[in-house]
Amino acid sequence: MVIPGAIGAFRRNSIIEVGGFDTDTLAEDCDLTMRLLRKGYVIHCCNEALAFTEAPETMNMLLRQRLRWSFGIMQSFWKHRKMMFSKEHKNMSWILLPHQMIFQLFLPLMSPVVDIIFLVSIFMPKATVLIIFYFAYFILDLIISLMAFKFDGEKFRFKYIFYLFIQRILYRQLLW
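Note that the structure is predicted; figures quoted are calculated from it, not measured.

Structural notes on helix H3 (residues 59-79)
For H3, which comprises 21 residues, the first-to-last C-alpha distance of 30 Å matches the rise-based estimate of 30 Å (1.5 Å per residue) to within 8%. Among the residues of H3, Leu62, Gln65, Gly72, Ile73, Ser76 and Phe77 are the ones counted as buried. Angular distribution of buried residues about the axis of H3 spans 140 degrees; they occupy a single face of the element. Exposed positions of H3 whose direction lies more than 90 degrees from the buried face are Arg64, Leu67 and Trp78.

Next comes the structure, spelled out in structure tokens:
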């Protein structure tokens, strides 16, 4: 979906053909990936490749990085939105862009709403239904996580469910 700029390898002629890196989004690597796909290039992933990159050292640096990434991906989506559900470039228009719309736009926007409703629902008379919906949303997160582990060929450990819950309560709130 995105060839990460820090660990991506590109053919020089391919980048030149699509006009190089644009500076009109904060996620130039995401935009470049989409422009390569629009031109018909096939993108390969090498899971065995090793790369070394700097990671944010402070919480403030992490939050600034994640905000830039999220906003940049939204900008890239908006820039290429007319491709969604088009007949050409089926992978991009029927998989990549809808995936970005759901997982990079819709779910991040809905997640804080779900959390706030859950907190409010605890104090309401018939809170059971809302609490069930909250845990259904958590189960959706869990299913997506299980799929990611399966696709990566990694073993899922039961303690990860606890980490996922902590991630929903603490880490996501920092990002929102």
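Points about the pattern of salt bridges
Throughout the structure, instances matching the rule amount to 5 salt bridges. We note a salt bridge from Arg35 to Asp22, for which the minimum N-O separation is 3.7 Å. A residue pair is termed long-range when its members are at least 10 positions apart, and Arg35 in helix H2 (residues 28-38) and Asp22 in the loop between helix H1 (12-17) and H2 qualify at 13 residues. Owing to a relative accessible area of 10%, Arg35 belongs among the buried residues under this scheme. For Asp24, the salt bridge is made with Lys79, and the minimal N-O distance between the two is 3.0 Å. Taken as a pair, Asp24 in the loop between H1 and H2 and Lys79 in helix H3 lie far apart in primary sequence, 55 residues in all. When its relative accessible area of 29% is taken as the criterion, Lys79 is described as partly exposed. Three or more residues are tied together by salt bridges with common partners; here these are Asp22, Asp24, Asp31, Arg35 and Lys79.

Some remarks on the packing of aromatic side chains
As enumerated under the stated definition, the model contains 8 aromatic pairs in all. An angle of 80 degrees between the planes, with centres 5.5 Å apart, marks the rings of Phe138 and Phe165 as edge-to-face. Here the residue Phe138 occupies a position in helix H5 (residues 128-152), and Phe165 occupies one in helix H6 (residues 159-175), the gap between them amounting to 27 residues. Arranged with centres 6.2 Å apart and planes meeting at 35 degrees, the rings of Tyr160 and Tyr163 form a pair that is tilted. Placement of the pair is Tyr160 and Tyr163 together in helix H6, with a separation of 3 residues, close to one helical turn. Residue Tyr163 is classed as partly exposed on the basis of its relative accessible area, which comes to 45%. Here the aromatic residues Phe149, Phe156, Tyr160, Phe162 and Tyr163 are joined through ring pairs into a cluster of three or more.

Parameters at a glance
- Along each chain, residue indices are assigned from 1 in the same order as the chain's sequence is written.
- Local features are withheld for residues below a pLDDT of 70 in this predicted model, meaning they are given only at 70 or higher, and side-chain atom pairs are given and counted only at 80 or more; totals for whole chains, interfaces and linings count all residues.
- The side-chain numbers reported here are obtained from all heavy atoms of the structure, hydrogens and water having been left aside.
- Elements are defined by DSSP. Helices are runs of H or I of four residues or more, strands are runs of E of two residues or more, and each kind is numbered from the N terminus.
- Any helix carries an expected span of 1.5 Å times its number of residues minus one.
- The buried label applies to any residue whose accessible area, calculated with a 1.4 Å probe on protein chains only, is under 20% of its type's maximum; exposed applies above 50%, and partly exposed to all values in between.
- Each direction from the helix axis to a C-beta atom contributes to the arc, which is the arc of those directions.
- Salt bridge, as used here, is a side-chain nitrogen of Lys or Arg placed within 4 Å of a carboxyl oxygen of Asp or Glu.
- Each aromatic pair joins two rings of Phe, Tyr and Trp (for Trp, the six-membered one) with centres within 6.5 Å, and gets the label stacked for planes under 30 degrees apart, edge-to-face for over 60, and tilted for any other angle.

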